[in-house]
Amino acid sequence: MNLFRLAGDMSHLASILVLLLKIQATKSCAGVSLKTQELYAIVFLTRYLDLFTNFVSLYNTIMKLIFIGSALAIIWLMRRHKVVRQSYDKSQDTFRYEFLLAPCFLLSLVLNNMFTVMEVLWTFSIYLEAVAILPQMVLLQRTRNVDNLTGNYVFLLGAYRALYILNWIYRYYTEPGYRQWLVWLSGIVQTAVYCDFFYYYIQSWKNNEKLQLPA
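Residues numbered from 1 in each chain as written. Predicted model: local features only at pLDDT ≥ 70, side-chain atom pairs only at ≥ 80, totals over all residues. Heavy atoms only, no water.

Colleague: Is there a simple way to think about the environment of Leu45 in this case?
Modeller: Here Leu45 shows up in helix α2 (residues 34–47). With relative accessibility at 41%, the residue Leu45 sits in the partly exposed group. Taking C-alpha positions, Leu45 is 9.9 Å from Leu65, a pair spaced 20 residues apart along the chain. (Helix = DSSP H or I, 4+ residues; strand = E, 2+ residues; numbered from the N terminus. Buried < 20%, exposed > 50% of the residue type's maximum accessible area, 1.4 Å probe, protein only.)

Structure follows, in structure tokens:
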């Protein structure tokens, strides 16, 4: 494992911890898209089907369990916690994510490395992760005023994928024969989705202002 991969994993982990901190500390999920959280749960559950059949390393197994467990925990808090669920604004979180699920699944049936159930579902998770943040972005644009913890969560989540791109570049030049075209393309699309947010996040940090996104 190289430094870029490790930094990406830690950024991803930090984003989850920040979101859990926000929900637990404030007993509120205001500004958080349940639909994005459900999409991420689908991403992790379909990607890590090999959890108990293909042991890579203890680190790999622990990270997979953390990602699955945290995604399900966040969904439970937003749907079932008697206090937290009252702050969820369903009227604003209206992105129809079937428009993401169906195309990603159909694309995974056509473009994959091997036409097997495990491989198709893994590829589906790669495509879905690239766009899973869209409901969250739409929600933030509707509410416009973004609290610090939610802004930090989204920034760290975007930074994770940007760091993974550096990881891929490093591996391309240091590992002969390393090629993952589908993963690379999906990662570039995912990072591009964050570019607008990155700009306004950095501007608010530079000017010491509250993060606001254009409608």
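Okay, back to it.
Colleague: Would you mind going over the side chain of Gln136 with me for this structure?
Modeller: Residue placement: Gln136 occurs in helix α6 (residues 134–143). Residues in contact with Gln136, not counting those within four places in the same chain, are Gly31, Val32, Ser33, Thr36, Thr150, Tyr153 and Val154. (Contact = heavy atoms within 4.5 Å.)

Colleague: Just to check I follow, could you spell out the pattern of salt bridges for this structure?
Modeller: Tallied over the full model, the rule gives eight salt bridges. The residue Arg171 makes a salt bridge to Glu175 at a minimum N-O spacing of 3.0 Å. (Salt bridge = Lys/Arg side-chain N within 4 Å of Asp/Glu carboxyl O.)

Colleague: For this particular structure, what's the right way to read helix α1 (residues 3–26)?
Modeller: In an α-helix there are 3.6 residues to a turn, and that puts residues three or four apart on one side. Over its 24 residues, α1 extends 34 Å from the first C-alpha to the last, a length consistent with the 34 Å expected when each residue adds 1.5 Å. Where α1 is concerned, the buried positions are Gly8, Asp9, Ser11, His12, Leu13, Ser15, Ile16, Val18, Leu19, Lys22 and Ile23. Contact partners of the buried residues in α1: α2, α3 (58–80) and α7 (148–174). Two or three places before Phe4, at the start of α1, stands the capping residue Asn2, its side-chain oxygen 2.9 Å from that residue's backbone nitrogen. Just downstream of α1 lies Lys27, where phi reads positive at about 50°. (Expected span 1.5 Å × (residues − 1). Polar contact = N/O pair within 3.5 Å; in protein donor to acceptor, adjacent residues only side chain to side chain.)

Colleague: Any chance you could explain the packing of aromatic side chains here in plain terms?
Modeller: Both the distance between ring centres and the angle between the ring planes are used here to describe each pair of aromatic rings. This model, assessed by the stated rule, comprises 16 aromatic pairs. With a centroid separation of 6.1 Å and 0° between ring planes, the pair formed by Phe44 and Tyr48 is classed as stacked. Each of the two residues, Phe44 as well as Tyr48, counts as buried. With centroids separated by 5.5 Å and ring planes inclined at 75°, the aromatic side chains of Phe155 and Phe198 adopt a geometry described as edge-to-face. With a gap of 43 residues between them, Phe155 in helix α7 and Phe198 in helix α8 (residues 181–206) connect regions that are remote in the sequence. (Phe/Tyr/Trp six-rings, centres within 6.5 Å; stacked < 30°, edge-to-face > 60°.)

Colleague: Explain the packing of α6 against α7 here, please?
Modeller: How two helices pack is summed up by the angle between their axes together with the distance between the axes. As a packed pair, α6 and α7 sit with axes 12 Å apart at the nearest point and diverge in direction by 145°. Here α6 and α7 pass one another in a crossing that is left-handed. For the pair α6 and α7, the contacting residues are Gln136, Met137 and Leu140 in the first and Thr150, Tyr153 and Val154 in the second. In the contact of α6 with α7, the residues fall into four nonpolar, two polar and no charged. (Axes fitted to C-alpha atoms, helices over the stretch in contact; angles between N-to-C directions. Left-handed = near helix turned anticlockwise from the far one by under 90°. Nonpolar A, V, L, I, M, F, W, Y, C, P; charged D, E, K, R; others polar.)

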